[in-house]
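# Descriptive structure summary
If you want the building blocks of each chain, they are given just below.
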Amino acid sequence: MQRIKYSAFLDKIQSAEEAALLIKNHNIVGVSGFTKAGDSKTVLPQVAKRALYEDLKITVLSGASLGYDTDADLAKNGALYKRMPFQADPTLRKSINNHDVLYVDQHLGQTADMLQKIDKFKIDIAIIEAVAITEEGYIVPTTSVGNSPIFTENADKIIIEINTTFPETLAGIHDVKILKKQPNREIIPVMKSDTRIGDPYIKIDPSKVAAIVYTEVPDSPAVIADPDEKTKAISNHILKFLENEVEEGRLTESLLPLQAGIGKTANAILSGFTNSKFKNLTMYSEVLQDSTFELIDSGKLLFASASSITVTEACSNKVFNNFEQYKDKLLLRPQNISNAAEVISRLGVIGINTAIEVDIYGNVNSTHIGGTKMMNGIGGSGDFARNGYLSIFACPSISKEGRISHVVPMVSHTDHTEHDVDILVTEQGLADLRGLAPIERAGLIIENCVHPEYKDQMLDYFEEAYSIGGQTPHILEKAFSWHTQLKKKGTMKVNELVSQSI
């Protein structure tokens, strides 16, 4: 009970099963959690169990993806009516693509604004994970802040899950400020990655707290594959490009604050900085991964600001068993501040994100397979691509034994237009698209980024399109021919048939 400093809450302690009964059919539930960190690990799973034998469908909002099988269990048990703003679960993904669950894929920096503007998204219950509760009844979050502050402000009732797995020394790394509703919003006075502007806890109305549940379930560990030859090559291309920017006098050896998406490629890119020429680096990002702590340990990274800490089990043990070693180098913020256009632009963040596919003019698809099937979601990539100092997108040039090219004539779904993309990079090379017209972009992307197995095929397409004319030359009846070829024949290569399914 020592983690509850507000004595009036002591009689609110319940089991997860009891607290889950507070959630009713058609409720809108705001749950803490950002990329598997700091999410509801006991109450929301109990809601999923109830849906097996009750008529129970809810709308779930979070910061980003939830950990373990929470999204999967909610989906397969029929508990989800609508989900937003991000997910990364295969079972839920299938339900979304089968139209069993409605999905709102949203820029992560915009969810809080939506809740302030649209009354129909009033939160019935917020479920927030905490490491402790202060003397005033305020919530000290665990490993993420995400959308928790706006959820608690907007909610009618609050359920708090106190997670004793995390050390109480987490208190102090959070920087929480709730922004005013537009159009009367104040300036967000973050001038550097380590600028503090808020409180180390989430202020709430204690009368809203309906239940407190204890848990000792750790965060679902991130699963990150070791860098391979492709991801190492991509990282090296980016490092070489940034080194040239320093030589040309456009950047210093400290660069500007770094942002990177999640996953194998992004983690490998950041890991590459460990043995680079750069020094005194900072981060202003969404998620702190294993590579963040590698860079801190190497002395390369001075400070990292984000909205969550999402790491592998090994990294988690290292970090949280020695947290005082890292504490003064970290800040966790609400995601409408970590992803705020104003701050990203002011700091000049270098955004490094991954793509599913890119096209010869620099348009990027981050979300859909074959133009229709949702993968995960846009996440925060758009927040950083549109507003950063540099917008870098990376992907492999090919996959599936060469049957798929990730550089195509026209992307099958557009998340980031050519206007918001500065750099494209594959393991083949890097294309600096700044200041180039569409025709110039196409030539550079084909030359530097397309895999040799597809280069002639791409040149044939572009040369035919160019002969027809236009500012952005395309042959509309052939623009998606690579995708239809893949669907029909199992490969994007012309005059080749592959029997096995993709």
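Note that the structure is a prediction, hence the values are computed from the model and not measured.

### Topic: the overall build of the protein
- The number of helices and strands found in the protein is 16 helices and 25 strands.
- At 23 Å, the protein has a C-alpha radius of gyration in line with the 23 Å of a compact globule built from 502 residues.
- Along the first, second and third principal axes, the C-alpha atoms of the protein reach 75 × 55 × 45 Å.
- In the protein, buried positions account for 59% of the 502 residues.
- Across the protein, contacts joining residues at least 24 apart in sequence account for 72% of those joining residues at least 6 apart.
- Summing over all exposed atoms, the protein offers an accessible surface of approximately 20000 Å²; the carbon and sulfur share of this is 50%.

### Examining the packing of helix α9 (residues 290-298) against helix α10 (residues 313-320)
- α10 packs onto α9 with a crossing angle of 45° between their chain directions and a minimal axis gap of 10 Å. Accordingly, the angle class assigned to the pair α9 and α10 is oblique. Note that α9 runs across α10; the crossing there is left-handed. Residues Asp290, Phe293 and Asp297 of α9 lie in contact with α10, whose contacting residues are Cys315, Lys318 and Val319.
- Taken together, the residues that form the contact of α9 with α10 break down as three nonpolar, no polar and three charged.

### Looking at the sheet that holds strand β16 (residues 357-359)
- Taken in spatial order, the three strands of this open sheet run β17-β16-β23, and their pairing is mixed. The open sheet has two free edges, formed respectively by β17 (364-365) and β23 (407-408), since each of these has just one partner strand.
- The pairing of β16 with β17 spans two bridges and is antiparallel. Bridged to Val358 within β17 is Val364.

### With respect to the pairing of strand β3 (residues 80-84)
- Burial within β3 is extensive, with four of its five residues counted as buried.
- Strand direction decides the pairing type here: strand β2 (residues 58-61) and β3, joined by four bridges, are parallel. The residue bridging Val60 from the neighbouring strand is Arg83, located in β3.
- Each parallel crossover has a hand, and for β2 linked through helix α3 (residues 70-76) to β3 it is right-handed.

### Regarding the packing of helix α8 (residues 264-271) against α9
- Contact geometry of α8 with α9 gives a least axis separation of 8 Å together with a crossing angle of 10°. Considered as vectors, α8 and α9 are oriented roughly parallel to each other. Across the interface between the two elements, Asn267, Leu270 and Ser271 of α8 pack against Asp290, Ser291, Glu294 and Leu295 of α9.
- Here the residues of the contact of α8 with α9 sort into two nonpolar, three polar and two charged.

### Structural notes on helix α2 (residues 43-50)
- Most of α2 sits out of view: six of its eight residues are buried.
- Here α2 has its buried residues at Val43, Leu44, Gln46, Val47, Ala48 and Arg50.

### Quick notes on the packing of aromatic side chains
- Tallying each qualifying case throughout the model produces eight aromatic pairs.
- Note on Tyr6 and Phe9: the rings are 4.6 Å apart at their centroids and 70° apart in plane angle, and the pair reads as edge-to-face.
- Take Phe9: its relative accessible area is 1%, and that puts it in the buried class.
- Judged by centre distance (5.3 Å) and plane angle (35°), the rings of Tyr138 and Tyr201 are tilted. One end of the pair, Tyr138, is in the loop between β5 (125-133) and β6 (139-141); the other, Tyr201, is in the loop between β7 (157-163) and β8 (209-215), with 63 residues separating them in the sequence.
- Overall, Tyr138 belongs to the buried group, its relative accessible area being 18%.

So, how was this worked out
Residues numbered from 1 in each chain as written. Predicted model: local features only at pLDDT ≥ 70, side-chain atom pairs only at ≥ 80, totals over all residues. Heavy atoms only, no water. Helix = DSSP H or I, 4+ residues; strand = E, 2+ residues; numbered from the N terminus. Rg over C-alpha atoms; globule rule 2.2 N^0.38 Å. Buried < 20%, exposed > 50% of the residue type's maximum accessible area, 1.4 Å probe, protein only. Contact = heavy atoms within 4.5 Å. Areas by Shrake-Rupley, 256 points an atom, 1.4 Å probe, with all protein chains shown as cover. Axes fitted to C-alpha atoms, helices over the stretch in contact; angles between N-to-C directions. Parallel < 35°, antiparallel > 145°, perpendicular 65-115°, else oblique. Left-handed = near helix turned anticlockwise from the far one by under 90°. Nonpolar A, V, L, I, M, F, W, Y, C, P; charged D, E, K, R; others polar. Pairing = 2+ DSSP bridges. Right-handed = clockwise from strand over helix to strand, strands pointing away. Phe/Tyr/Trp six-rings, centres within 6.5 Å; stacked < 30°, edge-to-face > 60°.

It is worth stressing that arrangement in space is one thing and function is another; only the former is reported here.
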